[in-house]
Each structure stands twice: as C-alpha cells, then as structure tokens.
Amino acid sequence: MVTLHTGKSYDVIVVGGGIAGVSAAVAARRQGRSVLLIEKASCLGGLATLGLVVLYHPPLDDGQGQKLVGGIAEELLHLSIRYSYGDLPEGWAYGAEEKPGKGRYQTVFNAPAFALSLNELMQKEQIDLLYDALFCIPRMKNSRCEGVSVETKAGRYYYEAKAFVDASGDGDLLHRAGVDMVERPENALTFWMLSADLDSMQKAIDAGDVGKAIHIEAIGANPHEDCLDRDAPQYGIRTPEEVSEFIMRGMNMGLARLKSFERNKRCLVSIPGIAEYRKTRALVGEYTLSEKDRELHFDDSIGCTKEEFEPYRIEIPYRCLYSRQCDNVLSAGRNISSDGRPRDTIRLIAICAQTGEASGIAAAMIAESGKAAADLNVALLQQKLVKQRNRLHF
Ligand SMILES: Cc1cc2nc3c(=O)[nH]c(=O)nc-3n(C[C@H](O)[C@H](O)[C@H](O)COP(=O)(O)OP(=O)(O)OC[C@H]3O[C@@H](n4cnc5c(N)ncnc54)[C@H](O)[C@@H]3O)c2cc1C
C-alpha cells in the first residue's frame, strides 16, 4: 500500500527541468506567481546538459544581422557561458538589437557549468525545485488538472496548482491527462559523447582556451529526413524495452568509437545521462505548425525564428501550446503541436526557451484569472512577452 503524502499548493507547477521547463518556471515566477519545478534527474538542462547537446545553435539571428530571438532564450545563451568557455562573437553584446557581429549569435558551452548556473538561477528567482522527483499521474476534474503525484525517495507526494506546464519533452503530463498526442517513433540511433586528446589539449594550451580541448563525438544519424538511412531502425518511447534498447544500442555505438581511440592519447570526457530522443510524442493542439506555415504571419504569434537548414522563417502561434481537451495545462519545448520540418526547428534549444517563456507567462495568467488556456487574452500575453524583450514577428 503506497501512502500519498500531501505537499504544498502552488500557482504554477512545471513538469520537467530542461531548457523549456526552466524558462517556463522563470517566466511564471517573474509574473509574481509561486512556482514548483519538478525534475526527475539531479541536474537541470535536460538534453542540453545531460544530453551533451552543448551547442546554443542555430543562432538567435537570421544570418542577415537581424536578431529574431530574445527574452529568456537570449538570457540563457549568456548564462550558458557565464562561468566557463564559450565563443559568442563580440559584436553580439547582450542587448544588441540588430547589430551584425562577426559570426553568428550562437555559442558552444560547458554542460556542467551551465547546469550549475541553472541551479543558481532557480534559487535567485525563488523557484521551488524538486530534484530526483518523477512526475507520475495528474489528478483531473473534468478538463482541469488539479494536481500531480510525484514519486520521490521520500515516497509518493501530491502537489496542487492552478495551472501547469508540461515541459517533460515527451508530453508525459498531457498524455496522462488523456489529451490527444501524436506518437511518431522516428528517432534513429544517436549517441553524443565528449572527448579530448593530446592534440586538442595542445591546441587549447596554445590558444589559452580550455574549451578547444573538448571534441563533440556526434555519433548516429542526422535528424533531417533527407539524410536519414531509411533502413536504419527507428525508435520511440512505446515500451520500456524500446527505450532501453535505444539507450543500450547507443552505448554500443559509443563503445565502438571508444575502441578506435589510441590508448593514452585520446579519452572520453563524458557520455549522455539522458536518452537522446529528438522527437517523441507531440501535442495535437488547437493549431499544428507545419510546412505550409513557412513565411506566414500569425496574429497570435509568441515568437519567430528561421529554420536551421532552410531559408524559411516561421512564427509560432500561441494555439500550438494548448489543447481544448485540457484547460489549464500548457505545452512547452520539443513536444508542442508541430509537424514536418518546423518540428525540427521548434525542438531546438533557443526555441524551447521561447515556447517555455510563453507557456510560463500563459500559465501565470491562467493561475491569476482562472480562465482556460483557449480563453486567455492573447494580446496581453504578447504584450508581456514583448516587455521581456521577445520579438513576435519576423
Ligand atoms: C542528439 C541531439 C542533437 C541535438 N542537436 C541540437 C543542436 O545542435 N542545436 C539545438 O539547438 N538543439 C539540438 N538538439 C535538440 C535540443 O537539444 C532539445 O530538443 C532541447 O534541448 C529540448 O528541450 P526540452 O526542455 O523541450 O526537453 P528536454 O531537454 O528533453 O527536457 C525535459 C526534462 O524533463 C525531465 N522529465 C522528463 N519526464 C519527466 C517526468 N516524468 N518527471 C520529471 N521530470 C521529467 C527530463 O529529465 C528533462 O530534464 C539536439 C537533440 C539531440 C537529441
């Protein structure tokens, strides 16, 4: 018999402390709401830190010197390199609006340093944080979520809130709340590791830049459909065995690479501490962003960007962040309602921060007004985003 302990009540609960979840928590808190962030790992950042995706790339600019992404996404770009190495071009000083620097508005970063700074940020913002806490089940009343149960080492706890953000990357909260999701198991095997060797160490010494000692060993397929080997196995999260096989076979690829290293000359620095899934479940939202929306303007846009490998710009409608099946849960990050190539854009780190910030503000507005996500004053949400230095339209 499992006892359900009752924890505190909050205005907003965010499930998942990846880039989207951190951004949502900060955004909701800056609206004056009490916030609980629930993270199953012992470190924040999700794929960006534990997954060793140590690239704040693609850039926050459009390549023509125009900054498209600001707000918390830009703040986190700077935070990612605050305590360690990074190569943000000088021309892109924080706050630059439309000044082309030499290079693009992007950087590599040190994953552990970024994780430690995210932990510091949570404390500065007075966000309550549960580490090593696995969200399990929502308690639903009609189309509203009243609270969530969380499995911890201290037992199972129940926390209530007025509004929620699902930033689990896999839509765990929305899926378990019974909301329609699409499950597209299209992840080819991937395993990103970090390594160093004597040559790279010498280069780092010569340049006086320790970051140059680290290589990203990006093993596995490129996500872009044209580059995918059609016969390669594709993985999803449909069974525990499938998830474990994805991780295990990834490690096998990592070991094969490791065996090719010259002993004592090259070594591994780190392997991922999280399954490196790019796309799993996605919300079937009020609107699904897809290729037909390229270069289109939306009245309810919450942010804009440019696709990574394509010339197209996209705007992200607020309607991609919620479903009418659940009034007070917003989606943020790589599980928002999207399809095709735009889905490969919205899952990028900076854009996860962008949708996280919009969801966090929207959740704060739901907590304050008691309204459903679909009935929020979108113009007010947009005003708040612009006030936080976000750009809505390209
Ligand atoms: C191999 C690879 C290469 C990539 N390359 C790039 C790149 O070059 N540039 C780029 O911008 N992006 C890249 N990406 C994409 C990018 O890293 C991710 O899409 C982005 O970081 C996702 O952020 P997120 O916050 O939405 O989700 P995640 O990072 O997945 O975070 C979700 C968080 O929720 C937690 N969580 C999950 N379930 C629960 C639960 N039930 N209870 C509590 N906590 C839970 C997880 O532990 C995690 O911390 C890459 C991704 C991969 C896999």
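In this text the structure is predicted, and so the values were computed from the model without any measurement.

Scanning the chain from terminus to terminus reveals 9 helices and 18 strands. The C-alpha atoms of the chain give a radius of gyration of 20 Å, which matches the 21 Å a tight globule of 394 residues would have. A buried classification covers 55% of the 394 residues belonging to the chain. In the chain, once contacts between residues fewer than 6 apart in sequence are set aside, the share between residues at least 24 apart is 71%. The chain carries 47 positive and 53 negative side-chain charges, and their two centres are separated by 2 Å.

Taken together, the side chains of Ile247, Met251 and Ile271 present a nonpolar region at the surface, about 240 Å² in accessible area. Among the structural elements, Ile247 can be located in helix α6 (residues 240–259).

Looking now at the pattern of salt bridges. One pass over the structure, following the stated rule, counts 32 salt bridges. Among the salt bridges present, the one from Asp209 reaches Lys212, with a minimum N-O distance of 3.5 Å. Each of Arg184, Glu186, Lys279, Asp339, Asp344 and Arg347 takes part in salt bridges that share partners, so that together they form one network.

In this model helix α1 (residues 19–30) runs 17 Å from its N-terminal to its C-terminal C-alpha over 12 residues, within 8% of the 16 Å that 1.5 Å per residue would give. For α1, the buried fraction is high: 10 of the 12 residues fall into the buried class. What α1 keeps buried is the set Ile19, Ala20, Gly21, Val22, Ser23, Ala24, Ala25, Val26, Ala27 and Ala28. Buried positions along α1 lie against β1 (4–15), β2 (35–38), α2 (71–80), α3 (111–124), β8 (155–166) and α8 (349–369). Directly beyond the C-terminal end of α1, a positive phi value near 85° is found at Gly32.

Domain assignment breaks the chain into domain 1 (4–184 + 280–387) and domain 2 (189–270). One C-alpha centre belongs to domain 1, the other to domain 2, and the line joining them spans 26 Å. At the interface, 15 residues of domain 1 touch 15 residues of domain 2. Interface area lost by domain 1 to domain 2 is led by Leu52, Tyr85 and Arg341, which between them contribute 41%. For the interface between domain 1 and domain 2, the tally reads 0 salt bridges.

The next subject is the site of the ligand. Among the 33 residues in the neighbourhood of the ligand, the closest are listed as Glu39, Leu47, His57, Arg347 and Ile349. Take Ala20: an N or O atom from its main chain is 3.0 Å from an oxygen atom of the ligand. Here an oxygen atom of the ligand and a backbone polar atom of Ile349 are 2.8 Å apart. For the ligand, whose unbound accessible area comes to 1000 Å², protein coverage reaches 97%. Residue assignment for the shell around the ligand shows that the elements contributing at least two residues are α1, β6 (134–141), β11 (190–197) and α8.

Let us look at the side chain of Ser338. Here Ser338 shows up in the loop between β18 (329–331) and α7 (340–346). In this view, Ser338 contacts Ala282, Thr288, Leu289, Arg343 and Ile346; residues no more than four positions away in its chain are not counted.

Between α1 and α8, the least distance of the axes is 7 Å, while the angle of their chain directions is 35°. Judged by the twist between their axes, the crossing of α1 over α8 is right-handed. For the pair α1 and α8, the contacting residues are Ile19, Ala20, Ser23, Ala24, Ala27 and Ala28 in the first and Ile349, Cys352, Ala353, Gly356, Glu357, Gly360, Ile361 and Ala364 in the second. Grouping the amino acids of the contact of α1 with α8 by side-chain chemistry returns 10 nonpolar, 3 polar and 1 charged.

To continue, consider the environment of Arg278. Inspection of the secondary structure puts Arg278 in the loop between β14 (266–270) and β15 (281–283). According to the relative accessible area criterion, Arg278 is buried, its value standing at 17%. C-alpha separation for the pair Arg278 and Thr190, spaced 88 residues apart in sequence, amounts to 9.2 Å. Among the polar contacts made by the side chain of Arg278, one reaches the side chain of Thr190 at a distance of 3.0 Å.

What follows concerns the packing of aromatic side chains. Per the counting criterion, the structure on display carries 6 aromatic pairs. For the pair Phe109 and Phe114, a centre-to-centre distance of 5.0 Å together with 70° between the ring planes defines the contact as edge-to-face. This pair shows no difference in class: Phe109 is buried, exactly as Phe114 is. Consider the rings of Tyr287 and Phe298, whose centres lie 5.5 Å apart with planes at 65°: the pair is edge-to-face. Within this pair, whereas Tyr287 is found in the loop between β15 and β16 (301–306), its partner Phe298 is found in the loop between β15 and β16, the two being separated by 11 residues in sequence. Here Tyr287 and Phe298 have matching classes, each one buried. Chaining the aromatic ring pairs together yields one cluster made of Tyr235, Phe246 and Tyr277. Looking at Arg266, its charged tip hangs above the ring of Phe261, at a distance of 5.0 Å from the centre.

What counts and what doesn't
- Residues numbered from 1 in each chain as written.
- Predicted model: local features only at pLDDT ≥ 70, side-chain atom pairs only at ≥ 80, totals over all residues.
- Heavy atoms only, no water.
- Helix = DSSP H or I, 4+ residues; strand = E, 2+ residues; numbered from the N terminus.
- Rg over C-alpha atoms; globule rule 2.2 N^0.38 Å.
- Buried < 20%, exposed > 50% of the residue type's maximum accessible area, 1.4 Å probe, protein only.
- Contact = heavy atoms within 4.5 Å.
- Lys, Arg positive; Asp, Glu negative; His and termini not counted.
- Charge placed at Lys NZ, Arg CZ, Asp CG, Glu CD.
- Patch = residues over 30% accessible without salt bridge, like charges linked within 9 Å, V, L, I, M, F, W, Y side chains within 5 Å.
- Areas by Shrake-Rupley, 256 points an atom, 1.4 Å probe, with all protein chains shown as cover.
- Salt bridge = Lys/Arg side-chain N within 4 Å of Asp/Glu carboxyl O.
- Expected span 1.5 Å × (residues − 1).
- Domains from an automatic or database assignment.
- Buried area = accessible area lost by both parts, 1.4 Å probe.
- Near = heavy atom within 4 Å.
- Polar contact = N/O pair within 3.5 Å; in protein donor to acceptor, adjacent residues only side chain to side chain.
- Axes fitted to C-alpha atoms, helices over the stretch in contact; angles between N-to-C directions.
- Left-handed = near helix turned anticlockwise from the far one by under 90°.
- Nonpolar A, V, L, I, M, F, W, Y, C, P; charged D, E, K, R; others polar.
- Phe/Tyr/Trp six-rings, centres within 6.5 Å; stacked < 30°, edge-to-face > 60°.
- Lys NZ or Arg CZ within 6 Å of the ring centre and 35° of its normal.

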